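Now for the letters of each chain:
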Amino acid sequence: MIRAAGALAVIALVAAGCSSSDSSSSADPSPISPSGAATTATAPATATATGGLDPALASAAQSLAASVQAEASGGGQPLPAREPGVVGGDVSWPQCPAGMGIPHKISTGAPMPAGSAAYVLIGLTNGPGFHPNPCLADQVAWARERHLLVAAYSVVSWPDDAAQQQYGGLREAGYAEAKFNLRSMKAAGLESPIIWLDIESVPFYDWSADPAANAEVVLGAAQGYVDAGYRVGVYSTPHLWESVVGDLSLGVPEWRAAGQTSQAEALARCGRDWLIQGGTGVLAQWVEDGRDVDVTCPGSETMLGDYFAQT
């Protein structure tokens, strides 16, 4: 797999406007299924055209660059390589028994991955941050019974005023979301070498209208996982990423969503013409028969230990 080494030290955030040089971004209609110093929305972080960052963002950039470097050098447990196109699935609160969860995020008992799945990515949240997946432990047990490879993902969401006041700012609240999720993950007995950051609109718990402020939350969450010893990746689409955080670029691995399409379309999004934030395409997702299905992008089947843990 080609590594995005040039992105290791790059975090560029343009506070005004949300334009992207990726022409696919503005036309991407695909739905996706998984559901420092204090900063505020009125004082967004900015970057100059030469990449100069304020000290707080520079610190976040250094930590995240280190996490990408660890990923690039292969920090995971070695696992046997498989044939290209390894298929798995992802689950979260919608797959819990019907009737569980917080208002607006009530589980429906959606189907778990098909028997052909080699791995499962398990969501840590019940939609927004600070709300755990209500059947996380049961889903971990389900994967363990089937000896599936596992990984974790977390929805990152906008912290309300109370959370911002409690934790001291936007980035601090994002950091607290990560810590909350790691406690849930530990309690459920889930191990994962990487935490995927699910960045998308969260209906009823949506992001602010300021991409720079939203980016502070995402940086805080990423930093929380990095400080705890995890690598991070991003789950999104170019359009959704840009709509939430503008031109923020982390250069971390990408899990790319294709919506109600096909495996062929999902694999087509593994290339560099579907960059979300400057990272390498590792996984691609599509929806089939009411299930979220995932496939490894070309090359990543040889590095499964970088992205999954054995059960």
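Scroll up to find the structure.
Note that this is a predicted model, so its numbers are computed, not measured.

A. Quick look at the packing of aromatic side chains. Within this structure, the stated rule accounts for 7 aromatic pairs. Look at Phe-130 and Phe-180: their rings are 5.9 Å apart centre to centre, the planes differ by 80 degrees, and that puts the pair in the edge-to-face class. Separated by 50 residues along the polypeptide, Phe-130 in the loop between strand 2 (119-123) and helix 2 (136-145) and Phe-180 in helix 4 (residues 170-188) bring together distant segments of the chain. Consider the rings of Tyr-153 and Trp-255, whose centres lie 5.5 Å apart with planes at 80 degrees: the pair is edge-to-face. With Tyr-153 in strand 3 (residues 149-155) and Trp-255 in strand 6 (residues 254-257), this pair connects stretches of sequence that are 102 residues apart.

B. Just the side chain of Thr-125, in detail. Note on placement: Thr-125 falls in the loop between strand 2 and helix 2. Using a relative accessible area of 1% as the deciding quantity, one classes Thr-125 as buried. If sequence neighbours within four positions are ignored, Thr-125 has contacts with Ser-92, Trp-93, His-131, Pro-132, Asn-133, Val-155 and Asn-181.

C. Region of the structure containing the sheet that holds strand 8 (residues 291-296). Reading around the barrel, the 8 strands line up as 1-2-3-4-5-6-7-8 and close back on themselves, with mixed pairing between neighbours. Ignoring which end each strand starts from, the neighbouring axes of this sheet average 30 degrees apart. The sheet contact formed by strand 1 (residues 87-91) and strand 8 spans 3 bridges and is antiparallel. Counterpart to Gly-88 in the pairing with strand 8 is Asp-294.

D. Structural detail: helix 5 (residues 211-227). With 17 residues, helix 5 should cover 24 Å at 1.5 Å per step; its first-to-last C-alpha distance of 24 Å lies within 8% of that length. Summarising burial for helix 5: 16 of the 17 residues are buried, a large majority. Phi turns positive, to about 95 degrees, at Gly-229, one or two residues after helix 5.

E. The state of the cysteines, seen in detail. For the coordinates displayed, the defined rule picks out 2 disulfides. The side chain of Cys-96 participates in a disulfide bridge whose partner is Cys-135; the two sulfur atoms lie 2.0 Å from each other. The disulfide joining Cys-96 to Cys-135 has a torsion of about -95 degrees about its S-S bond and is therefore left-handed. Here the residue Cys-96 occupies a position in the loop between strand 1 and strand 2, and Cys-135 occupies one in the loop between strand 2 and helix 2, the gap between them amounting to 39 residues. Judged by relative accessible area, which is 0%, Cys-96 ranks as buried. Residue Cys-270 pairs covalently with Cys-297 via a disulfide, S to S 2.1 Å. Handedness here is read from the sign of the S-S torsion; for Cys-270 and Cys-297, about -80 degrees, the answer is left-handed. With Cys-270 in the loop between helix 7 (263-268) and strand 7 (281-288) and Cys-297 in the loop between strand 8 and helix 8 (304-307), this residue pair connects regions lying 27 residues apart in the sequence. Classification of Cys-270 as buried rests on a relative accessible area of 14%. Numbered by order of appearance in the sequence, the disulfide-linked cysteines of the protein pair as 1-2, 3-4.

F. Looking closely at the packing of helix 5 against helix 6 (residues 238-245). Axis separation between helix 5 and helix 6 bottoms out at 6 Å; the angle between their running directions is 105 degrees. The pairing of helix 5 with helix 6 is recorded here as roughly perpendicular in orientation. Side by side, helix 5 and helix 6 meet where Pro-211, Asn-214, Ala-215 and Val-218 of the first sit next to Trp-241, Val-244 and Val-245 of the second. Partitioning the contact of helix 5 with helix 6 into residue classes produces 6 nonpolar, 1 polar and no charged.

Calculation notes
Throughout, a residue's number is its position along its own chain's written sequence, starting from 1. In keeping with the predicted nature of the model, local features appear solely for residues at pLDDT of at least 70, side-chain atom pairs appear and are counted solely at 80 or more, and the whole-chain, interface and lining totals rest on all residues. The basis for the side-chain values is all heavy atoms of the structure; hydrogens and waters are excluded. Ring pairs shown here join Phe, Tyr and Trp side chains whose ring centres sit within 6.5 Å, with only the six-membered ring taken for Trp; geometry is labelled stacked below 30 degrees between planes, edge-to-face above 60, and tilted in between. Secondary structure elements are taken from DSSP: a helix is a run of H or I of four residues or more, a strand is a run of E of two residues or more, and numbering for both begins at the N terminus. Think of it in three bands: with a 1.4 Å probe and only protein chains considered, a residue is buried below 20% of the maximum accessible area for its type, exposed above 50%, and partly exposed in between. Here, residues are in contact when the closest pair of their heavy atoms is within 4.5 Å. Here, any two strands with at least 2 DSSP bridges between them count as paired. Fitted lines through C-alpha atoms serve as axes, helices being fitted only where they are in contact, and the angles separating the N-to-C directions of these axes extend from 0 to 180 degrees. Here, expected helix span is obtained from the residue count minus one, scaled by 1.5 Å. Cysteine sulfur atoms are paired as a disulfide whenever they come within 2.5 Å of each other. Just so you know how the angles are binned, under 35 degrees is roughly parallel, over 145 roughly antiparallel, 65 to 115 roughly perpendicular, and the rest oblique. Ten residues, namely Ala, Val, Leu, Ile, Met, Phe, Trp, Tyr, Cys and Pro, are considered nonpolar, four, namely Asp, Glu, Lys and Arg, are considered charged, and the remaining ones, Gly among them, are considered polar.

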